[in-house]
Amino acid sequence: MDTHAVNGLLSGAYRNAQRTTPTLNRRPDPQLAQALEHVSPQSIEKARATSEDFEAMFLNSMFSQMTTGLKGEGPFGDTPGTGVWRSMLTEQHSRSFAKAGGVGISDAVFRTLIMQQANQTSLPPKEAA
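Residues numbered from 1 in each chain as written. Predicted model: local features only at pLDDT ≥ 70, side-chain atom pairs only at ≥ 80, totals over all residues. Heavy atoms only, no water.

(A) Geometry of the nonpolar core. Counting residues in hydrophobic clusters, the biggest one holds 10 residues: Leu-32, Ala-35, Leu-36, Val-39, Ile-44, Ala-47, Phe-110, Ile-114, Met-115 and Ala-118. At the level of elements, helix H2 (30–37), helix H3 (41–67) and helix H5 (105–120) are the ones that each hand at least two residues to this core. Per element, the largest residue contribution to this core is 4 residues, and it comes from H5. (Core = buried A, V, L, I, M, F, W, Y, C linked by side-chain atoms within 4.5 Å. Buried < 20%, exposed > 50% of the residue type's maximum accessible area, 1.4 Å probe, protein only. Helix = DSSP H or I, 4+ residues; strand = E, 2+ residues; numbered from the N terminus.)

(B) Representation of the environment of Glu-37 within the structure. Its location among the elements puts Glu-37 in helix H2. Assessed through its relative accessible area of 39%, Glu-37 is described here as partly exposed. Residues Glu-37 and Ala-118, spaced 81 residues apart in sequence, show a C-alpha to C-alpha distance of 8.3 Å.

What follows is the structure, given as structure tokens:
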């Protein structure tokens, strides 16, 4: 198979992935699909990033609470740098969890943001390509 054929298949798969119907609890969500038609792609990406950041902040708070009682068993022992190191590690863990799909908070936040933007805008629907 030549390179052009592979690129054509990949770009076709990417376009089809974008056209899939959004789901809520593994069921089609026609309200969100309709709302997405009234929101610009830039707003969609911004809402996605914002919802992921929100989930990362929530997870960071949760992980921080989980590790408050831990003493210096880690690589730095029980030094003043342990707290700083642990907070940075917790932040990176929370970002990784949120980026990998998280616990579902970002999906709910994203849906709410898109629904609010669709209700506030009077833009015509995006044309299907």
